[in-house]
Amino acid sequence: MRQLVVSRDALETRVALLEEGRMAELYVERPGYRSLVGNVYKGRVENVLAGMDAAFVDLGLDRNGFLYVDEVTSSEGRSGQTRKITNLLQGGKEVLVQVTRDAMGGKGPRLTTQIAIPGRYLVYLPKTSASGVSRRLTDAERERLRLVCAALDAAPGGMIIRTAAEGADEEAIGRDLRFLQRVWAGVERRVATCSAPSLVYAEAELPMRAVRDLLGPEFGAVLVDDRKLYRRLVNYLRAVSPELVYQVDLREGESPLFERLGLDGEAREALRRRVDLPSGGYIVIDHTEAMTVIDVNTGRYVGRRHLEDTIVRTNSEACREIVRQLRLRDIGGIIVIDFIDMTVQSNRTAILMALETELAQDRSKTYVVEVSPLGLVEMTRQNVTRGLREVLTVPCPRCHGDGHVLSQDSALIAVERRLRALALSSGLPGLRVEVHPQIAARLVGGGEPLLSRLEEETGRRLYLHLADDTVELDHVAVVPD
């Protein structure tokens, strides 16, 4: 049984997808941050980079968007001729683009000129006549939907029938198509009247996207704790899927729905480095600049029979939990999984197949490479928006994201050397210096105080002032008289 939980308060909107009572996906939208993916802009080419075969487009945002040559649709050039960005775009040219990936790190949003307007059952492609059907469906259903697609008139555009259209009749799909065509007609009117750079189409807010993309007949309910939001969702479904309106359930209360359902704890766990497995094993998730690394450990699980059986069971449990965490945290990019070494080849193959089976439930595109000679599983997962970690956290102000700070011993050594250098370079008989309280205690404590020895060796008096304990351990500052 699957459920959607939609909760809104003054500071944020949260949507959780529950599978068998456990949180499988979590999305957060805040007033200060909203995903740009799906937005369409009338932009202006800022500059064209021939060496990168790409262009930067001014969208009217803090950062320019990045448009790669393969994402530019154009009828220019002969068939088979190598496409060059310099032949397709020039600086100052106005171009209609859509955001395909949010800005991440130091990179601006990724763009495409291949506009796609998503609906409940299909994605409308106003700039192309191509049509198709989702490959996630069975062959028989794909063939049925191809006939439906051929019967509908999407001209002058095309469309892609989504997985959500499984079992939907021609009337429902046609209603969705007409709705999207009206939306696009409004976009074209705005494009004709506005100047670049301008936003001409904004993707729906988080709750609407979640209902549009996730809700299906297999869902038990959509639980909502905000009355205005409840009405908006009901009105949307009445327009595109009237048969699903009954699934939306208003659950108002004094406390947020997440709190009442005990989901706040699961959301906090999605930020932890270690995740425990049912048998007693655990996985550790580490993020680096280049990739995400996941390590599997047996922990306190020792098994009952053979070591290989213990390892296989732990790895099997890890497959399910790893995929759940990838979805829950929305981890993308390169991912390396270090499963516990298995000696039997058939077991390694079984674990790899189990991982791929679990990944089949993931809506994001994934690609799994065979087990490497070192026993590592390498895979990629498409990241479209910033993951949960980037939305909810900031780098630690002490370690700046490294995960480590100087030990007290290392800080003491660094402070002693800086004090010695200050004393020797000063022409004054004494100095007032500010240091961390813990380091000050180490300098004056012990049988032979380090500070006294330092004063004797340098011939200078050092007067310690205690800094606030929020400063770095190796903090040293000269205090003026």
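Note that the structure is a prediction, hence the values are computed from the model and not measured.

## Thoughts on the nonpolar core
Turning to step 1, where the next piece is worked out: In this structure, Ile117, Leu122, Met159, Ile161 and Ile173 are the most contacted members of the largest nonpolar core, which totals 26 residues.
Turning to step 2, where the next piece is worked out: Counting only elements with at least two residues in this core, the list comes to β10 (122-125), α2 (139-151), β12 (158-161), α3 (170-193) and β13 (198-201).
Turning to step 3, where the next piece is worked out: Ignoring sequence-local partners within four residues, the contact set of Ile117 consists of Val40, Gln98, Leu122, Val123, Tyr124, Leu180, Val183, Trp184 and Tyr201.
Turning to step 4, where the next piece is worked out: Of all hydrophobic cores here, the second largest spans 25 residues; its members include Leu277, Ile351, Val368 and Met379.

## Focus: the state of the cysteines
Turning to step 1, where the next piece is worked out: On inspection of all chains with the given rule, the structure shows zero disulfides.
Turning to step 2, where the next piece is worked out: Cys396 takes part in no disulfide bond, and the closest cysteine sulfur, belonging to Cys399, lies 3.8 Å away.

## Brief notes about the sheet that holds strand β24 (residues 476-478)
Turning to step 1, where the next piece is worked out: One open sheet holds the three strands; their spatial order is β23-β22-β24, and the pairing between them is mixed. The open sheet terminates on both sides in strands that have one partner only, identified here as β23 (461-466) and β24. Here the average twist between neighbouring strands, direction ignored, is 35°.
Turning to step 2, where the next piece is worked out: Packed onto the sheet, helix α12 (residues 437-444) meets β22 (430-435) and β23 and runs at close to 145° relative to β23.

## A word on the layout of surface pockets
Turning to step 1, where the next piece is worked out: Within this model, the second largest pocket holds a volume of roughly 1500 Å³.
Turning to step 2, where the next piece is worked out: Lining the second largest pocket are 44 residues, and of these His287, Thr288, Glu289, Arg389 and Glu390 lie nearest its centre.
Turning to step 3, where the next piece is worked out: Looking at the lining of the second largest pocket, the elements with two or more residues in it are β17 (282-287), β18 (291-297), β19 (333-338) and α10 (388-392).
Turning to step 4, where the next piece is worked out: When residues in the lining of the second largest pocket are grouped by element, the largest group, three residues, is from β17.

## Description of the sheet that holds strand β16 (residues 274-276)
Turning to step 1, where the next piece is worked out: Across the sheet, which stays open at both edges, the six strands sit in the order β16-β17-β18-β19-β21-β20 with mixed pairing between neighbours. Each of the sheet's edge strands pairs with one partner strand only, and the pair in question is β16 and β20 (366-371). Neighbour to neighbour, the strand axes of the sheet diverge by 20° on average, direction disregarded.
Turning to step 2, where the next piece is worked out: Where helix α8 (residues 307-329) meets the sheet, its contacts fall on β16, β17, β18, β19 and β21 (376-381), and the angle it forms with β18 comes to roughly 150°.

## Section: the pattern of salt bridges
Turning to step 1, where the next piece is worked out: One pass over the structure, following the stated rule, counts 32 salt bridges.
Turning to step 2, where the next piece is worked out: Note that Arg251 and Asp249 form a salt bridge whose closest N and O atoms lie 2.8 Å from each other.
Turning to step 3, where the next piece is worked out: Ionic pairing is found between Glu455 and Arg461, a salt bridge with its closest N-O pair at 3.5 Å.
Turning to step 4, where the next piece is worked out: Through salt bridges with shared partners, one network takes in Arg2, Glu19, Glu25, Arg327 and Arg363.

## Observations concerning the packing of helix α11 (residues 408-425) against helix α13 (residues 450-458)
Turning to step 1, where the next piece is worked out: Look at α11 against α13: their axes get within 10 Å of each other, and the N-to-C directions meet at 30°. By the angle between their axes, α11 is roughly parallel relative to α13. Regarding α11 and α13, the two cross each other, and that crossing is right-handed. Packed against α11, whose contacting residues are Leu412, Glu416, Leu419, Arg420, Ala423 and Leu424, the element α13 presents Leu450, Leu454, Glu457 and Thr458 at the interface.
Turning to step 2, where the next piece is worked out: In terms of residue class, the contact of α11 with α13 is made up of six nonpolar, one polar and three charged.

Conventions used here
- Residues numbered from 1 in each chain as written.
- Predicted model: local features only at pLDDT ≥ 70, side-chain atom pairs only at ≥ 80, totals over all residues.
- Heavy atoms only, no water.
- Core = buried A, V, L, I, M, F, W, Y, C linked by side-chain atoms within 4.5 Å.
- Buried < 20%, exposed > 50% of the residue type's maximum accessible area, 1.4 Å probe, protein only.
- Helix = DSSP H or I, 4+ residues; strand = E, 2+ residues; numbered from the N terminus.
- Contact = heavy atoms within 4.5 Å.
- Disulfide = S-S within 2.5 Å.
- Pairing = 2+ DSSP bridges.
- Axes fitted to C-alpha atoms, helices over the stretch in contact; angles between N-to-C directions.
- 1 Å grid on protein atoms, 1.4 Å probe; cavity = no way out; pocket = protein on both sides within 12 Å on 5 of 7 lines; lining within 4 Å.
- Points joined across faces, edges and corners; volume = space filled by probe spheres on them.
- Salt bridge = Lys/Arg side-chain N within 4 Å of Asp/Glu carboxyl O.
- Parallel < 35°, antiparallel > 145°, perpendicular 65-115°, else oblique.
- Left-handed = near helix turned anticlockwise from the far one by under 90°.
- Nonpolar A, V, L, I, M, F, W, Y, C, P; charged D, E, K, R; others polar.

Shape descriptors only; they carry no functional weight alone.
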